[in-house]
Amino acid sequence: MEAPSDAALVAQVIAGDAEAFALLLRRYRDAHARFATRMLGNRDDADEALQSAFLRAFRSLAKCAEPERFGAWLYRIVINECRTLAARRARRERSLVRDAATLGTLAERDDPVGSDALREEIQHALDGLTPEYREAFVLKHVEELSYEEMAEVTGVGVSALKMRVKRACQRLQGLLEEAYHD
Amino acid sequence: MTDRPDPLSETPDERAFLERITPALRAPETLKSGFDDRVMEAVRAEAPIRYPGPRAPWWRRPRTVRLSPLAGLGLAAGFAGLVALGTLATAGRFGPAEERPVATAVDTVHLVRFAISAPDARRVALVGDFNGWAGGTELSASAVAGVWTITLPLPRGRHQYAFLIDGVRWVIDPTAVIVRDDFGTETSVVTVSGTGAS
């Protein structure tokens, strides 16, 4: 049996069938888990941001003007929730400083690409970017969105996004080099 | 003329760097166990949500006109007449008239426009806490076929109302906030503030 379309599920939820939302949740949860984790640096915050995003999406489903494009609409909500949580976290001045000694040890190891340790190290460097640069970099090089798609979900112009991605890439390179030379 | 390289395009060095780091960053992530259950639990706790209908066309949106206190005084007097009529018809049922909201001369009066699409109706009345739910305030057929409208001066505050079609059918305003009264009847709500109605 063919899976119901996003638009059909949105219509079902609006008509009062809250359980139909579970299908939308399952359809998009994993795709956004990676984005939120890369943006926020850890699974707990990603979990919190996504819970909040899905609940917000449920509450304002009627405002989804193009239900057949529910995915893009949800993306905008997820991005906003991540921005909000990151800002709140910055205000709390939660320390993201990791153990520098760990980084030093990693520099001496020849980890295969994709290992947890390497990912953690790159994530740490990613955390060192400004939220705007990190967001642009993750959407472009992790989520592999086109610049046009990025502009749609972020509300930022293509030129500004290109500039952010470029700067993010340079800064990330610098941060990782610093980590290796420490 | 030679094409200049795009300063924002990736350099070979950056490409090599990205090839090294992106596979690790693209690895899937999982959320904490029970994520779906937690979200759906919250969803069920909020359901059912009364989703508002699509944005109404311009001729159906409530409108307000702010008047000076002096102009409002005249309108308030007229409005007080309307309220008085409603009071005569329903005094026994709703209690003394002074308990109901009336426009006051000391405040700006806000004109609130009510509209509803009811193509098959022969007459449409506006009933609300501002006229004692008496049904004496009839809407006029507008220039748009099937659309009935009326503009009323309302004092600041929160007003509950509904439309009564052909004297028998109770219809809530699909463009407004909806509440349920003590008897379980749904009514629409308009809030008149210093900046307009919502």
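Residues numbered from 1 in each chain as written. Chains lettered and ligands numbered in written order. Predicted model: local features only at pLDDT ≥ 70, side-chain atom pairs only at ≥ 80, totals over all residues. Heavy atoms only, no water.

## Section: the environment of V165 of chain A
Residues and elements named next belong to chain A. Within the element layout of this structure, V165 appears in helix α9 (residues 158-181). Taking the relative accessible area as the measure of exposure, V165 reaches 4% and is therefore buried. In this structure, the C-alpha to C-alpha distance between V165 and E132, residues 33 residues apart in sequence, is 9.3 Å. For V165, the contacting residues outside a window of four places in its chain are A136, F137, K140, H141, Y147 and M150. (Helix = DSSP H or I, 4+ residues; strand = E, 2+ residues; numbered from the N terminus. Buried < 20%, exposed > 50% of the residue type's maximum accessible area, 1.4 Å probe, protein only. Contact = heavy atoms within 4.5 Å.)

## Let's talk about the confidence of the model for chain B
Residues and elements named next belong to chain B. Predicted confidence across chain B gives a mean pLDDT of 70, with 60% of residues reaching 70 or more. Across chain B, helix α2 (residues 35-46) holds the top mean pLDDT of 91, while helix α3 (residues 69-94) sits lowest at 43. Across residues 79-106, where pLDDT falls below 50, the model places 31 contacts with residues more than four positions away in sequence or in other chains. Here the predicted complex scores 0.57 on pTM and 0.81 on ipTM. (pLDDT = per-residue confidence, 0-100.)

## A few points about helix α6 (residues 116-127) of chain A
Over its 12 residues, α6 of chain A runs 16 Å from end to end, which matches the ideal 16 Å to within 8%, given 1.5 Å per residue. Those residues of α6 of chain A not exposed but buried are L118, R119, E121, I122, Q123, A125, L126 and D127 of chain A. (Expected span 1.5 Å × (residues − 1).)

## Focus: the packing of aromatic side chains
With the rule as written, the count across this model stands at 9 aromatic pairs over all chains. Judged by centre distance (6.4 Å) and plane angle (80°), the ring pair of F21 of chain A and F54 of chain A falls under edge-to-face. Linking F21 of chain A in helix α2 (residues 20-40) with F54 of chain A in helix α3 (residues 43-59), this pair joins segments that are 33 residues apart in sequence. By relative accessible area, which is 0% here, F54 of chain A ends up buried. Joined through ring pairs, the aromatic side chains of F21, F54 and F58 of chain A together with F35 of chain B make up one cluster. The cationic tip of K140 of chain A hangs over the ring face of Y147 of chain A; the distance from NZ or CZ to the ring centre is 4.5 Å. (Phe/Tyr/Trp six-rings, centres within 6.5 Å; stacked < 30°, edge-to-face > 60°. Lys NZ or Arg CZ within 6 Å of the ring centre and 35° of its normal.)

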